[in-house]
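Chain residues, written in single-letter form:
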Amino acid sequence: GLGTCAAACPFGAIAMGPKGLPVVDEVKCTGCGTCERVCPKHIITLSSVTRRILKEYTTDDCTTPCQRACPAGINISRYIEQIAEGDYHGSVQTIKERNPFPTVIGRICPRPCENNCRRKYVDESVAINYLKRFAADYERTQSERIQPFKAPDSGRRVAVIGGGVEGLSTAFFTARLGHEATVYEGTDRLGGLLNTAIAKYRLPEDVLQWDIDGILEMGVDARTEQMIGSDITVAGLLNEGYEAVFLATGGWDSRLARGEEKAVESPLPGGYLLLDLMRSGKNGHGTVTCAGHTVIVGGEGLAGESLAKARALGAQNVTFIFRDPPEETTAAALAEAGAQVVANSGVIRLTGEGNSLTAIDVMDTDTGEISQLPAQTLVFSAGRFPELIFTRSADEADDEPNGWTAVPPYKHPSQSSEPGVFAKGDALTDFSGAIKAIGAGRRAAAAIHRLIYDIPLDLPGNALKPDAVIQNVDHVEAVPSSQRHIMPLAERHELQQSMELEKGFDTATAMAEAQRC
């Protein structure tokens with residue numbers, strides 16, 4: 001409550017509030033930074049759209065347990081406070097700072113935040129996700145859509161391959177960073193697994209479409225029925241002038257939902273799934289062609305069979321990359337068969353030209369040493385292709401105008417020490433929850449932005465991790481008990497009319513529940 005910032009503000013944008021903390025008038029504030037510089041206690045921090053999107057929480061930040069548990073990092077306590085104060089417009093903006101699918105997530109989230117709510121020290125956790133749904137449903141009743149702020153146009157173009165939750169989230173945050181984002185989707189509609197994996201009485205089509213429309217209104221362009229590898233290619237998009245191409249094609253689950261389990265898909269030049277390799281040519285399954293140097297990432301249990309299959313499909317040399325040392329018998333059998341084994345390693349970079357893969361960079365997880373291996377075919381034992389950001393090769397020569405490199409986005413801080421694709425903690429098929437895909441989409445957009453501007457992808461040394469030592473509480477005192485409000489369910493006749501099982505909070509219930517926070 002010192003008031004130094006209020007006295008120093010040249011525009012009269014700050015006043016001391018009733019709690020002894022500064023209150024900022026966003027209309028009068030110009031972002032000059034005077035308050036941040038003069039505050040002796042560093043209470044005020046100047047921010048921007050870009051800084052908020054790029055930011056990973058650190059141990060220096062004041063975060064709540066629910067916020068730390070949220071895979072998207074939503075400022076939960078803030079939007080609940082805004083609901084309690086009747087500022088529903090502001091609560092929607094707060095949610096959308098980190099979540100472009102608030103209406104969807106308000107209905108289907110597994111709610112890890114509520115497991116960590118401090119209210120549990122008194123009675124029951126706050127109905128955090130139901131309050132998110134309330135705010136999102138409020139937006140649907142307004143005449144104008146409520147959007148978070150976005151940065152000015154940068155004049156840079158980014159392509160996103162895949163119109164599922166992660167791809168659309170990546171495009172949303174990329175557009176908010178000021179770049180022109182275009183989503184390419186192979187099917188005739190956006191939304192990915194949200195279209196098929198969830199019952200309509202839990203997630204009606206109009207609810208999903210509402211959030212997708214909000215993403216498009218943020219400035220995202222979408223082109224459907226554009227299948228990577230056939231209708232479009234990575235090299236082709238880079239030649240069109242996109243500065244980066246992001247691969248977010250989803251996993252095997254997505255292919256099953258599309259009925260394409262027998263088709264061979266290769267969104268990554270020279271890249272295949274081990275499942276396609278092993279099924280190649282069998283029972284109507286498509287055929288895989290292995291060229292020159294073939295590298296297989298993982299799949300120790302099928303190593304012998306995959307080696308024979310790769311050679312039968314044209315591989316001249318086969319190298320296996322394992323994150324952990326293989327069994328001695330497996331390593332000996334592969335060596336005897338003439339295959340190379342690289343253990344304790346992860347793939348960190350791909351290099352290619354045009355529609356061809358030429359080499360991969362591999363990091364030794366013990367020493368950090370990086371080596372390059374020739375590769376024309378790359379096979380992944382996981383049930384999905386890794387997320388990759390393709391850009392023009394920095395050292396591209398005039399006689400090689402189609403050279404490119406591909407790197408994965410930086411990982412969630414909890415896995416930041418695990419280098420390479422498909423490290424411990426990475427999604428091996430599709431994401432286990434849409435909220436996790438949203439968090440991955442923001443990190444992908446942040447990584448794309450950093451690569452475009454040649455900013456290192458390194459996370460701060462004090463990035464917040466699950467095992468970080470932070471100031472916390474293990475009990476609360478003098479808090480009276482207050483029963484959690486339950487979401488009302490539709491009657492049978494109402495369900496037939498609205499097709500939605502949960503009816504949502506009304507205003508009085510939402511405000512009462514928000515005040516439990």
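Residues numbered from 1 in each chain as written. Predicted model: local features only at pLDDT ≥ 70, side-chain atom pairs only at ≥ 80, totals over all residues. Heavy atoms only, no water.

**Q** Looking at this structure, I do not really get the pattern of salt bridges. What am I missing?
**A** Side chains carrying opposite charge are able to pair once their charged atoms draw close together. Across all of its chains, the model carries 28 salt bridges by this definition. For the salt bridge of Asp221 with Arg223, the shortest nitrogen-to-oxygen distance reads 3.2 Å. Judged by its relative accessible area of 34%, Asp221 falls in the partly exposed class. Note on Arg223: relative accessible area 35%, which makes it partly exposed. Beyond isolated ion pairs, a larger network of salt bridges with shared partners links Arg107, Arg133, Asp137, Glu500 and Glu502. (Salt bridge = Lys/Arg side-chain N within 4 Å of Asp/Glu carboxyl O. Buried < 20%, exposed > 50% of the residue type's maximum accessible area, 1.4 Å probe, protein only.)

**Q** Would you mind going over unusual backbone geometry with me for this structure?
**A** Trans is the prevailing form of peptide bonds, just as negative phi is the prevailing case for residues other than glycine. Notably, Asn344 is not glycine yet its phi reads approximately 55 degrees, a positive angle. By the secondary structure assignment, Asn344 is in the loop between strand 10 (340-342) and strand 11 (345-353). (Helix = DSSP H or I, 4+ residues; strand = E, 2+ residues; numbered from the N terminus.)

**Q** What should I look at first to understand the sheet that holds strand 14 (residues 377-380) in this one?
**A** Note on sheets: strands pair through backbone hydrogen bonds, and any given pair is parallel or antiparallel. Strand order in the open sheet formed by five strands is 7-14-8-9-10, and the pairing between neighbours is parallel. A single partner strand is all that each edge strand has here, and the edge strands are strand 7 (271-273) and strand 10. Each strand axis lies, on average, 20 degrees off the axis of its neighbour in the sheet, ignoring direction. As paired strands, strand 9 (residues 317-321) and strand 10 are joined by three bridges and run parallel to one another. Bridge pairing in strand 10 places Thr319 opposite Gln340. Along the sheet, helix 15 (residues 303-312) makes contact with strand 8 (293-297) and strand 9, crossing strand 9 at roughly 150 degrees. (Pairing = 2+ DSSP bridges. Axes fitted to C-alpha atoms, helices over the stretch in contact; angles between N-to-C directions. Contact = heavy atoms within 4.5 Å.)

**Q** Please explain the packing of aromatic side chains as it appears in this structure.
**A** The tally for this structure, following the rule as stated, stands at nine aromatic pairs. Plain terms: the ring middles of Tyr88 and Phe134 are 5.2 Å apart, the flat faces sit at 85 degrees to each other, and that makes the pair edge-to-face. Remark: Phe134 occurs in helix 9 (residues 128-140) and Tyr88 occurs in helix 6 (residues 88-96); sequence separation between them is 46 residues. Each member of the pair Tyr88 and Phe134 is classed as buried. (Phe/Tyr/Trp six-rings, centres within 6.5 Å; stacked < 30°, edge-to-face > 60°.)

**Q** Can you walk me through the nonpolar core in this structure?
**A** Within the largest apolar cluster, 69 residues are counted, with the highest numbers of intra-cluster contacts made by Ile76, Tyr79, Ile83, Phe101, Leu131 and Leu194. Here the element with the most residues in this core is helix 17 (residues 434-452); it accounts for ten residues. Apart from the residues within four sequence positions on either side, Leu194 is in contact with Val104, Ile108, Val165, Leu203, Leu208 and Ala434. Membership of the second largest hydrophobic core comes to 34 residues, among which are Ile321, Val362, Leu388 and Ala406. (Core = buried A, V, L, I, M, F, W, Y, C linked by side-chain atoms within 4.5 Å.)

**Q** Looking at this model, I keep getting lost on helix 9. Mind explaining?
**A** Structurally, the α-helix is built with 3.6 residues per turn, so residues lying three or four positions apart point the same way. Taking 1.5 Å per residue as the helical rise, helix 9 with its 13 residues ought to reach 18 Å, and the 19 Å between its terminal C-alpha atoms agrees with that figure. Turning to helix 9, its buried residues number three or more, namely Ile128, Asn129, Tyr130, Leu131, Lys132, Arg133, Phe134, Ala135, Ala136, Asp137 and Glu139. (Expected span 1.5 Å × (residues − 1).)

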